[in-house]
Every structure is written in structure tokens, then in C-alpha cells.
2 protein chains.
Amino acid sequence: MISTSSQFSNRSQGYRPGAAAFPASPTPALDCRDLETQLPEAKAGQRRELKPGESLFLQEDRIDSVYVLLEGWAFRYQDLKDGRRQIVDFALPGDVVGLNEAANAPYGIEALTGCVFACYSRKSFFALVGRQPAMGLALVQMLARAEARAIEHLTSLGRRTARERVAHLLLELVTRLNRLNLAADSKSLDLPLMLSHVADALGLANETVCRCLSSLRKDGVLVLRERRLKVLDLRRLTEEANLSEVEDDETAVTAAPVRRFAA
Amino acid sequence: MISTSSQFSNRSQGYRPGAAAFPASPTPALDCRDLETQLPEAKAGQRRELKPGESLFLQEDRIDSVYVLLEGWAFRYQDLKDGRRQIVDFALPGDVVGLNEAANAPYGIEALTGCVFACYSRKSFFALVGRQPAMGLALVQMLARAEARAIEHLTSLGRRTARERVAHLLLELVTRLNRLNLAADSKSLDLPLMLSHVADALGLANETVCRCLSSLRKDGVLVLRERRLKVLDLRRLTEEANLSEVEDDETAVTAAPVRRFAA
DNA sequence: CGTTAGGTTGACGACGATCAATGACGGTGG
DNA sequence: CCACCGTCATTGATCGTCGTCAACCTAACG
């Protein structure tokens, strides 16, 4: 192989030189976590706390509430009869679960870290959101981003190689965490993921994920160890991810992060 | 080959003997096509007609309208730079596209058959839907079904074998067409799909799809030839599909079809 | 008829799954 | 303190599913 690990610095500089001029973010600087801080009548919303590994609900459970994830990471998954598991997506603070589903959920939700959810009845959730136009807009845009992610995820599983899938998922998570201001800095952040989570999200075996990560490390793209991800070469990572033809500026790592109200 | 076409009848009988007692469908007997028939003020909605292979919009196009598919089949897809294509889902009459997306769509929509769409501005669409509670409910349930399909699709690509994927997709389409009363009978129906569509939807090569279909035919499960699908053994097909742990009754083939208003 | 698009089948190889062994780490109890 | 254990990460060896390449077939059409 080619020696790859000796020249990080010249790569990590200069990513997207033109990106300094990215447009001012048109997204409202709030998300559904702000229901509570914005609207006093939302205070009634009950809390639900989960420890890592606990479930918010199970596949087939009846869902009558809407949950806003306030803190922590969770994931949606679907199990097959033979024990195979597919992780559908990861939920980060500000994400809403239980919104679209009628009657019985076709999937379960499990906490990855300690989680805090705000619980609303469907009716009161919509009433609250409707009370503030900016909140409705934020919700619609959040759902649109979730759908875009779902489609990219589908494309990953259908048409990307193992290495591309791993790169793509990590890039997605870096992007989302940066948007939320949850990254230590824009290149280094904590991911509460085990290999098996990545594998179950990407339709791969643990060993394959491990090999891809080793190989990406060997090539100087990133380092993922002990729940900590360092992106060494963001441009390379973006190339490795093999994004769809046209990638929204919205989803670029450099997008303006959400500014929190009442921090 | 083995002769496969000689014994349909004994198989197609007797599927789910207990299913005669399936509950009365709680779903409202209408979908977004009924916006026009139900609400005179919706007549203003413009039409857009597409021939097979034409695009409603392309990946990256700016979407400002909501489209209700009135007739025909279409599909959403995403392309990678290297030319690989992933079909995200198929749209059937009554489905709505352009609803969730903010700004630029991360995918394109292409007509599979001749298609007729009703076009609404986002605002007027929501205004119309809001005018009739049953319509809002129908819309929410349609979206919930679409999401459930998306998750099953994701699970297919991530965790099902090629044969399972093919069986699963065909079962899904049979189910949807039956619900819409678009099947000649419940076991035989027209699918305007080429091998490449199935392959692109399932993340497989054309040849692999072809082999799976041959093998399913050899095993007496189904016959797909010349755009016509005959399900010979629905129970077997369901097993082959390797459904997720708990399958909603809602999605069973035997579910009550939508009753159309003002046919 | 020739041409083309799509479907079918075979041969072969590659990517990733599986199986297995080992290592690193943290917790627990002696 | 250290042996013991369980969990998870890592690496190697081997195997199988499915992708790729190629040839051929069929039907539609000009």
C-alpha cells in the first residue's frame, strides 16, 4: 500500500475554500426542544427518562404519544424473525419520534445513551406547534431533513460499498452534531456507538465495519476509537462517502449550527 | 425446467382460513384523489400528464408544489455520481409526492406508465385537506403506511437476501394494488416493471433479480412474465418475504380495499 | 429482415459474511 | 492485589452470495 499516515496537516487545511461564503442559514434557529422554553403551557409535558439500552417502546407497541428527544441518543430499529436487526435511523436531541405512526409502530426505539424525552399527546403536540408559526416551520424542516437522510440511507444500503457506507454514516453524524453544536470541535466528537450499532445501521457484519474503520484510519481519513471520532481529512471523507449526485448545501458540514434559545 | 403452470387452483385456495374474520377496516374509505370529488373548490387544481419515462421533476429541482398521483405508476429515485441508481419507492394512484420536501428535492420522480397528477400549491393543498377532517386522517394514514414501507424497504436492503427482497417487494405491490382495487383478481395483476426497476429498487443486479424470479417460479411461488404477475402460493410468498417480526394486519393482503367515492 | 431493447442463462471472481482465535478493557470477588 | 469473567474490538482464514462479463434468445418494430 501507499504510505498514507504521514501528511495529515496539508489535507485538513483548505477544505472548501469557497465555503466561507455559504449563505446565511434560512432555517429558524429553534427546534422542538424549544416547545418548552417558548410556550409556558407546554410545561405540562411529562418527562420520560431512559438508561442506555432501555426501550421507549417496542416493535408492535401501540403509540399514542409524541416524544421530543431532549437529551441523549436513541435509535429506531426493526427486527426480523430470525434475529437480524436493522437500525433505521439515529435520533439526536431535537428529533421527534412517534409522529408519523398510526396505530402499531413497525419498529422499536432504544436509548443509546441516557435519554430524556418530553412526552405529549398527539393532540396537544399539534396544538402547541400550531401556536407558533416558526415552530411549525422548524418541524417541517426537521422532517424534511429526516426524510432526506432516510433516502440517503436507503441508497447506502442498496448501492454503496461497505467502505462508502461507513464513511457516509460518519459524515452524516458529524454533520448533524455540528448543526446541533454538540461536537467538541468540528473535527472531533463523541459517538456513543458500538461497532454493532454501525453494522446494524449499515447492513454489515461487525467485522466488516471494523475492517473499514481500520482501513480509513490507515489511509488517514479518520480515527474512531473509544467512542471518539476524529476526522483527519474531511474532504477525503466526503469523497469516500460517495454522496448522491447533488448534495444540498443544507446538509454540508459547514452549515450554520442551530442557535439555542434560553441556553 | 419443471412444469410450473399446471396446478394453480389447489394452491390459491385456503390461504389464511381464519382471515375471513379480519376486522372491519378502520381506515377511511378515501384518499387524496378524493380532494377533487369531495371539494368543489379543489377543481382549480391543475393537471400534469407524463408519458412513461418522463420526469415530474429531477434530483435537485426546486419543489414548490404538491402532487397527487391520480392515475398510473411512478417512482422516486436517487442517483449516485458514478451512475448507480437507487429507486426509493413506487407511487401508486392516491399517493402524494412533494409533500415533505423542503427546497431542493434529494431525488427525482419518473413516470413508469402514463401518469396524471393533480398539482396544488402547498398552501392550497393544506387548506383543502384541512377542510375535511376525514381527508386529514386519510393523509396521515397514507403517510404512515409510506413510512412503514420505507422502513421495510430499508430492512430489505440491509438484512434480507436477494430472494427475500424480491419476494418482499412483490408481496408489497400485490398488497397495495389489492388495497386500491387495482388487481384483476387478488392473485393476478399487471406490473409495469422491468427487471431493471426491480433491481434498482432492491439494490441488486438485473441478472440476480432474473435468477430469483426463475427460482421462485420453479418453486411454484409465482410467475412474472410480460409485465404480468401471478401469485401461485401466497402463503409461501409471505414466508419467502421474511417479514419483520410483527406484521400489521393493516398491511395484509386480505385487508379491506379502499372503497372509492363517486366511482 | 435487420436492429434494438429487454430477458435468460452460464462462468467466474470479488466483496463481504462467517467462523475462529486473540487482545484489550472493566468489573467482580477471592 | 490479582485471578476470573464478560463484553467488545481486532485480525486472519475460509466460504458463499451476488455482481460482472459474455453469449444467446425473444419480441417488437421499422
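- In the annotation of an unreviewed UniProt entry, the entry for chain A reads Crp/Fnr family transcriptional regulator, and the organism field reads Hypericibacter adhaerens.

Structural notes on the interface of chain A and chain B
Here comes step 1: In this assembly, 43 residues from chain A lie in contact with 43 residues from chain B.
Here comes step 2: Together, the buried faces of chain A and chain B total about 3900 Å²; carbon and sulfur atoms form 54% of this surface.
Here comes step 3: Three residues stand out in chain A for area buried against chain B, namely A:Leu80, A:Leu154 and A:Arg159, and they jointly supply 20% of the buried area on that side.
Here comes step 4: Counting the contacts that link chain A with chain B gives 4 salt bridges.
Here comes step 5: In this structure, the salt-bridge partner of A:Arg76 is B:Glu147, at a minimum N-O distance of 2.9 Å.
Here comes step 6: If you look at where chain A meets chain B, you find 20 residue pairs in polar contact (both at pLDDT 80 or more).

Observations regarding the protein's contact with DNA strand D
Here comes step 1: Close to DNA strand D lie 16 residues; A:Arg211, B:Ala162, B:Glu207, B:Thr208 and B:Arg211 are nearest.
Here comes step 2: Backbone atoms, meaning sugar plus phosphate, form 59% of the atoms of DNA strand D positioned within 4 Å of the protein.
Here comes step 3: Taking B:Glu207, its side chain carries an N or O atom lying 3.1 Å from a base nitrogen of DNA strand D.
Here comes step 4: In this structure, a phosphate oxygen belonging to DNA strand D sits 2.3 Å away from a side-chain N or O atom of B:Thr208.
Here comes step 5: Looking at the surface near DNA strand D, the element that brings in the most residues is helix α7 (residues 206-218) of chain A, giving 4 residues.
Here comes step 6: The residue makeup of the surface near DNA strand D, split by class, is 6 nonpolar, 4 polar and 6 charged.

A closer look at the packing of aromatic side chains
Here comes step 1: Enumeration according to the criterion identifies 14 aromatic pairs over all chains in this entry.
Here comes step 2: Centre to centre, the rings of A:Phe125 and A:Phe126 are 5.8 Å apart; their planes meet at 70°, and the pair counts as edge-to-face.
Here comes step 3: Of the residues examined, A:Phe125 reaches a relative accessible area of 0% and is grouped as buried.
Here comes step 4: Taken together, the aromatic side chains of A:Phe57, A:Tyr67, A:Tyr107 and A:Phe117 make up a single cluster linked through ring pairs.
Here comes step 5: When the ring centre of B:Tyr107 is taken as reference, the NZ or CZ atom of B:Arg76 above it lies at 4.6 Å.
Here comes step 6: One cation-aromatic arrangement involves B:Arg85 over B:Tyr77; the distance from NZ or CZ to the ring centre is 4.2 Å.

Calculation rules
- Residues numbered from 1 in each chain as written.
- Chains lettered and ligands numbered in written order.
- Predicted model: local features only at pLDDT ≥ 70, side-chain atom pairs only at ≥ 80, totals over all residues.
- Heavy atoms only, no water.
- Contact = heavy atoms within 4.5 Å.
- Buried area = accessible area lost by both parts, 1.4 Å probe.
- Salt bridge = Lys/Arg side-chain N within 4 Å of Asp/Glu carboxyl O.
- Polar contact = N/O pair within 3.5 Å; in protein donor to acceptor, adjacent residues only side chain to side chain.
- Near = heavy atom within 4 Å.
- Helix = DSSP H or I, 4+ residues; strand = E, 2+ residues; numbered from the N terminus.
- Nonpolar A, V, L, I, M, F, W, Y, C, P; charged D, E, K, R; others polar.
- Phe/Tyr/Trp six-rings, centres within 6.5 Å; stacked < 30°, edge-to-face > 60°.
- Buried < 20%, exposed > 50% of the residue type's maximum accessible area, 1.4 Å probe, protein only.
- Lys NZ or Arg CZ within 6 Å of the ring centre and 35° of its normal.

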